[in-house]
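# Breakdown of the fold
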Amino acid sequence: MSRIVWHIEDLTENACKIADLCRANGISLALVSKFCLSYQPLVLPLLKTAQITTVCDSNCSNFGLFPASISIENEKKITKTLIKTTAGAIKSLPDLPPDARPDRVFVSHTALLDAIRQLPHNIMPQVVLIAENGDLKEGFDQNQICSVAENYADLDIIGVSSNFSCLTGGLPQIEDVEKLAQTARKIAKIVQKPEFLSLGGTVMYDLLKSGRLKNLVQELRMGEGIFFGYNSSKGCKIEELSQSTAFIQGEILETAEKYVENARHDGFTALGKTTEEPPLTGLRTRAVLDFGVLAAGKDDLTPADSRAKLVGQTFDFTVLDITDSSEKYFTGGFAEFAANYASASQAMLNPFVTKIIE
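First, a word on what this report is: a plain description of the structure on this page. (Residues numbered from 1 in each chain as written. Predicted model: local features only at pLDDT ≥ 70, side-chain atom pairs only at ≥ 80, totals over all residues. Heavy atoms only, no water.)

### Observations regarding the packing of aromatic side chains
The full count for this structure, using the stated rule, is 8 aromatic pairs. Judged by centre distance (5.1 Å) and plane angle (40 degrees), the ring pair of Phe35 and Tyr341 falls under tilted. Here Phe35, found in the loop between strand 2 (28–32) and helix 2 (40–50), pairs with Tyr341, found in helix 9 (residues 341–349); they are 306 residues apart in sequence, far enough to count as distant. Taking 5.9 Å as the distance between ring centres and 80 degrees as the angle between the ring planes, the aromatic pair formed by Phe291 and Phe337 counts as edge-to-face. Within this pair, whereas Phe291 is found in the loop between strand 15 (283–289) and strand 16 (301–303), its partner Phe337 is found in strand 19 (residues 334–339), the two being separated by 46 residues in sequence. Taken as a pair, Phe291 and Phe337 share a single burial class, namely buried. The ring of Phe334 is capped by Arg3, whose NZ or CZ atom sits 3.7 Å from the centre of that ring. (Phe/Tyr/Trp six-rings, centres within 6.5 Å; stacked < 30°, edge-to-face > 60°. Helix = DSSP H or I, 4+ residues; strand = E, 2+ residues; numbered from the N terminus. Buried < 20%, exposed > 50% of the residue type's maximum accessible area, 1.4 Å probe, protein only. Lys NZ or Arg CZ within 6 Å of the ring centre and 35° of its normal.)

### What about the pattern of salt bridges?
A full pass over the atoms with the stated rule returns 14 salt bridges. In this structure, Asp103 engages Lys77 in a salt bridge whose closest nitrogen and oxygen atoms are separated by 2.7 Å. On the criterion of sequence distance, the pair formed by Asp103 in the loop between helix 3 (87–92) and strand 7 (104–107) and Lys77 in strand 5 (residues 75–77) is long-range, its members being 26 residues apart. A residue is classified by how much of its surface remains accessible, and Asp103, at 24% relative accessible area, is partly exposed. (Salt bridge = Lys/Arg side-chain N within 4 Å of Asp/Glu carboxyl O.)

### Quick notes on the pairing of strand 18 (residues 318–321)
Burial along strand 18 is two-sided: Thr318 and Leu320 facing one way and Val319 and Asp321 facing the other are all buried. Relative to strand 18, strand 17 (residues 309–313) is paired through 4 bridges, and the arrangement is antiparallel. Note that in strand 18 the partner of Gln313 across the bridge is Thr318. Turn length for the strand 17-strand 18 hairpin, with the two strands adjacent in sequence and antiparallel, is 4 residues. (Pairing = 2+ DSSP bridges.)

Shown next as structure tokens:
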């Protein structure tokens, strides 16, 4: 059975480095764990070791996996933050177990604020208003967000949130952050609470490292940098962080020699695509693995064996050319691939992929 293997020491080292850097700049680090469904055996060690007390997810049900408190220095409550809030999610809060209810919700529309107003007072979450910053996704216009805060002053609004690079790929500039900080200061005066600006995600790392976010930002939300040591918005790894964190291993169903040049390519594959021209022809040895695109797509996998080549996939199978490899591959054994954010997300969502923490 295929499996995803997490190296917890590399993960906790990444989390501690980023958390320490945040603390040096007076910023709190929030762990974004939506991609792995906030899988408790994976997430709790990171929270404890790096002294992180805020976890962010897109689905309330994942919060039910967490204990009410974790041991850091003293018992500290985990702040469960819902970063993708829908009207349906708000309306369902009274029906959820108390442990699954978020402490904070990020809100981008007045209809959602109206829905929160209808909740029983004893389960109303804190509210963070999402500000549009040019990514053209969700968020209030910054010229209107103050009037929104005034109109909903009866709610527990605590500050402002924003994301960079998610939809458009536009990288954050310090001027963008300064404008958001100004907005957060205005909101703080309206709601009579301490200034609070929460920014995401790993794309903010360079500005954090340079010290330019100090006194502007109160919270940074990160997932990819911690879990993979990579900044996809800039298309590069973060040198001081580990990338040896997650590996997908496919069980080998068979190894056999195939005459590659004899294959016909006059139709479409099971995925509805034309077959790519085989890069390696002749008599080739191929290993057939027990997972396909339903578990992880080939464009998001890198063979751990540099002399093996991933040549194709169906929904259920992955084929690896092992002709030039000196590794021993056999039926019942495993072939390993380095995973990125996308492939690890798919694997963690798939109930037929075993989750292993090492």
